[in-house]
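Residue-level listing of the chains:
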Amino acid sequence: MLERIKDSFTESIQTKIDAAEALPESIAKAAEMMVHCLLGGHKILACGNGGSAGDAQHFSAELLNRYEIERPPLPAIALSTDTSTITAIANDYSYDEIFSKQILALGQPGDILLAISTSGNSGNIIKAMEAALSRDMTIVALTGKDGGAMAGLMSVGDVEIRVPSNVTARIQEVHLLVIHCLCDNIDRTLFPQDEQQ
Ligand SMILES: O=C(CO)[C@@H](O)[C@H](O)[C@H](O)[C@H](O)COP(=O)(O)O
Ligand SMILES: [Zn+2]
């Protein structure tokens, strides 16, 4: 078991090294989109399943509260948190609609959907992207593997950040790092005077 644990660390580190080569441009582009969105008075909606639901909530918490520097709260909503809404939609309609119906209610043109899926194939995330597009929102997709069906839904103006790995856990570990890079970029761009803190 000790070897297995060491292997997990080595694999995670290697995936991050590979991602450091592959992802900086798309992360910077996504951060620029988010800054533009927030400066325009718009908001970011985030969704994912399982560990990625946790990632969506982690992202919204960093924006609503703070990341590293003192700054005003920023508008973000994780769509995985309201169990009454989620269970009602899943019970009355389908699990695939738990995020899309919230997006149809809350999404406005200029908002961003942060869609998180390691496979790129989760049905409720695909429907969430379709709902966002119908509301003239833009999409930042965190994916892995071959990007799945999500990759086929990206249009000009959207950004896919695809982790170069086929292992769900390793992809999730990089997604969290990407989220922290996005928060860091947003803070440093919107509040440059606080950079030295
Ligand atoms: O955290 C993990 C695995 O590490 C799981 O909870 C995982 O997130 C769930 O199986 C998800 O349903 C996987 O969905 P996706 O990443 O393929 O969209
Ligand atoms: Zn997990």
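Residues numbered from 1 in each chain as written. Chains lettered and ligands numbered in written order. Predicted model: local features only at pLDDT ≥ 70, side-chain atom pairs only at ≥ 80, totals over all residues. Heavy atoms only, no water.

Rules: UniProt positions are given in the numbering used here, feature names are shortened, and annotations may be inferred rather than shown by experiment.
As named in an unreviewed UniProt entry, the chain is Phosphoheptose isomerase, taken from Shewanella morhuae. In UniProt, the chain has this text filed under Subcellular location (unreviewed entry): "Cytoplasm". UniProt, in the comment section headed Function (unreviewed entry), describes the chain in these words: "Catalyzes the isomerization of sedoheptulose 7-phosphate in D-glycero-D-manno-heptose 7-phosphate."

Some points on the site of ligand 1
Test applied: Whether a residue is near a molecule or strand is decided by its heavy atoms; if any one of them lies within 4 Å of it, the residue is near. In the analysis that follows, any N or O atom pair within 3.5 Å is treated as a polar contact, provided that within protein one partner can donate a hydrogen and the other can accept it, and provided that, for residues neighboring in sequence, both atoms belong to side chains. For the area figures, the Shrake-Rupley method with a 1.4 Å probe applies, and any residue is considered shielded solely by the protein chains shown. Amino acid classes used here: Ala, Val, Leu, Ile, Met, Phe, Trp, Tyr, Cys and Pro are nonpolar; Asp, Glu, Lys and Arg are charged; the rest, including Gly, are polar.
Around ligand 1, the surrounding shell consists of Asn 49, Gly 50, Gly 51, Ser 117, Thr 118, Ser 119, Ser 122, Thr 168 and Gln 172. At 3.0 Å, a backbone N or O of Gly 51 approaches an oxygen atom of ligand 1. One of the side-chain N or O atoms of Ser 119 is found 2.6 Å from an oxygen atom in ligand 1. Contact with the protein chains removes 61% of the 450 Å² of surface that ligand 1 exposes when unbound. In the shell around ligand 1, the residues fall into no nonpolar, nine polar and no charged.

Topic: the UniProt feature "binding site: substrate" (unreviewed entry) in the chain
Keep this limit in mind: The way it works is that DSSP assigns letters per residue, a run of H or I at least four long becomes a helix, a run of E at least two long becomes a strand, and they are numbered from the N terminus. Accessibility here uses a 1.4 Å probe with only protein chains present; expressed as a share of the type maximum, an area under 20% marks a residue as buried, one over 50% as exposed, and anything in between as partly exposed. By the convention used here, residues are in contact when the closest approach between their heavy atoms is within 4.5 Å.
Within the UniProt annotation, "binding site: substrate" (unreviewed entry) is assigned to Asn 49, Gly 50, Gly 51, Glu 62, Asn 91, Asp 92, Ser 117, Thr 118, Ser 119, Ser 122 and Gln 172. These annotated residues cover 124 residues of sequence, and their C-alpha atoms reach 32.4 Å apart at the extreme, placing them across more than a single site. In this fold, Asn 49 is placed in the loop between strand S1 (44-47) and helix H3 (51-64). Residue classification places Asn 49 among the partly exposed residues on the basis of a relative accessible area of 22%. Asn 49 has contacts with Tyr 95, Phe 99, Ile 116, Ser 122, Asn 124 and Ile 125, leaving out every residue within four places of it along the chain. Positionally, Asp 92 belongs in helix H4 (residues 83-92). Given the relative accessible area of 55%, Asp 92 is considered exposed.

Some details on the sheet that holds strand S5 (residues 159-162)
Spelled out, the test is: Being paired, for any two strands, means DSSP has found at least two bridges between them. Between N-to-C directions, angles span 0 to 180 degrees; the directions come from axes that are lines fitted to C-alpha atoms, helices contributing only their stretch in contact.
Taken in spatial order, the five strands of this open sheet run S2-S1-S3-S4-S5, and their pairing is parallel. Looking at which strands have only one partner, the edges of the open sheet turn out to be strand S2 (76-78) and S5. In this sheet, adjacent strand axes meet at a mean angle of 15° when their direction is disregarded. Examined bridge by bridge, S1 and strand S3 (residues 112-116) share four bridges and lie parallel to one another. When the sheet's bridge partners are listed, Leu 45 is paired in S3 with Leu 113. Where H3 meets the sheet, its contacts fall on S1, S2 and S3, and the angle it forms with S2 comes to roughly 155°.

Considerations on the nonpolar core
The following threshold applies: Put simply, buried Ala, Val, Leu, Ile, Met, Phe, Trp, Tyr and Cys residues joined by side-chain atoms within 4.5 Å make one nonpolar core.
Core analysis: the biggest nonpolar cluster contains 36 residues, and Met 34, Ile 44, Phe 59, Leu 114, Val 140 and Ile 161 have the highest contact counts within it. Each residue touching Ile 44, except ones within four places of it in the same chain, is listed here: Met 34, Cys 37, Leu 38, Phe 59, Leu 63, Pro 75, Ala 76, Ile 77, Ile 112 and Leu 114. Ile 86, Ile 126, Ala 131 and Met 154 belong to the second largest nonpolar core, which has 21 residues in total.

Details of the pattern of salt bridges
The test is simple: The rule for a salt bridge is simple: a side-chain nitrogen of Lys or Arg has to be within 4 Å of a carboxyl oxygen of Asp or Glu.
Tallying each qualifying case throughout the model produces nine salt bridges. Among the ionic pairs, Arg 170 bridges to Glu 11, the shortest N-O distance being 3.3 Å. On the criterion of sequence distance, the pair formed by Arg 170 in helix H8 (residues 168-190) and Glu 11 in helix H1 (residues 2-22) is long-range, its members being 159 residues apart. Using a relative accessible area of 12% as the deciding quantity, one classes Arg 170 as buried. Classification of Glu 11 as partly exposed rests on a relative accessible area of 41%. Asp 187 is paired through a salt bridge with Arg 71; the nearest N and O atoms lie 2.7 Å apart. Placement of the pair is Asp 187 in helix H8 and Arg 71 in the loop between H3 and S2, with a sequence separation of 116 residues. Arg 71 gets classed as buried once you look at its relative accessible area, which sits at 10%. Residues joined in a network through salt bridges with shared partners are Glu 11, Arg 170 and Glu 173.

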